[in-house]
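Below are the chains, spelled out letter by letter.
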Amino acid sequence: MARGDYYNDDGTTEKDMCPRCGDTFLADHGDRQVCGKCGFTEWE
Ligand SMILES: [Zn+2]
């Protein structure tokens, strides 16, 4: 199990924030990222 997949050395995440909510992280679903709050989907 590799470290640093989700967190940088300083503890911050590399995940993107939802542009609609602003305070919610997007969940990584492989080929897309989805906001669990408003349903915003960002395709990669
Ligand atoms: Zn959202």
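Given the structure is predicted, the values throughout are model-derived calculations rather than measurements.

(A) Looking closely at the UniProt feature "binding site: Zn(2+)" (unreviewed entry) in the protein. The feature "binding site: Zn(2+)" (unreviewed entry), as annotated in UniProt, sits at Cys 18, Cys 21, Cys 35 and Cys 38 in this numbering. Taken together, the annotated residues stretch across 21 residues yet fold into one region, lying no more than 8.7 Å apart by C-alpha. Assignment of secondary structure puts Cys 35 in strand S2 (residues 32-35). Taking the C-beta count within 10 Å as the criterion, Cys 35 has 19 such neighbours and is therefore assigned partly exposed. Discounting residues that sit within four places of it in the chain, Cys 35 has contacts with Cys 18, Arg 20, Cys 21, Thr 24, Leu 26 and Phe 40. As for its position among the elements, Cys 38 is in the loop between S2 and strand S3 (41-43). If we skip the residues at most four places from it in the chain, Cys 38 touches Cys 18, Arg 20 and Cys 21.

(B) Representation of the sheet that holds strand S1 (residues 26-28). Spatial ordering of the open sheet is given by S1-S2-S3, a layout of 3 strands whose pairing is antiparallel. Edge positions in the open sheet fall to S1 and S3, since each of these has one partner strand only. Geometrically, the sheet is characterised by an average inter-axis angle of 25° between neighbouring strands, direction not taken into account. In this structure, S1 lies alongside S2, joined through 3 bridges in antiparallel fashion.

About the cut-offs
Residues numbered from 1 in each chain as written. Predicted model: local features only at pLDDT ≥ 70, side-chain atom pairs only at ≥ 80, totals over all residues. UniProt positions renumbered as here; feature names shortened; annotations may be inferred. Helix = DSSP H or I, 4+ residues; strand = E, 2+ residues; numbered from the N terminus. Buried ≥ 20, exposed ≤ 12 C-beta atoms within 10 Å, placed from the backbone. Contact = placed C-beta atoms within 7 Å. Pairing = 2+ DSSP bridges. Axes fitted to C-alpha atoms, helices over the stretch in contact; angles between N-to-C directions.

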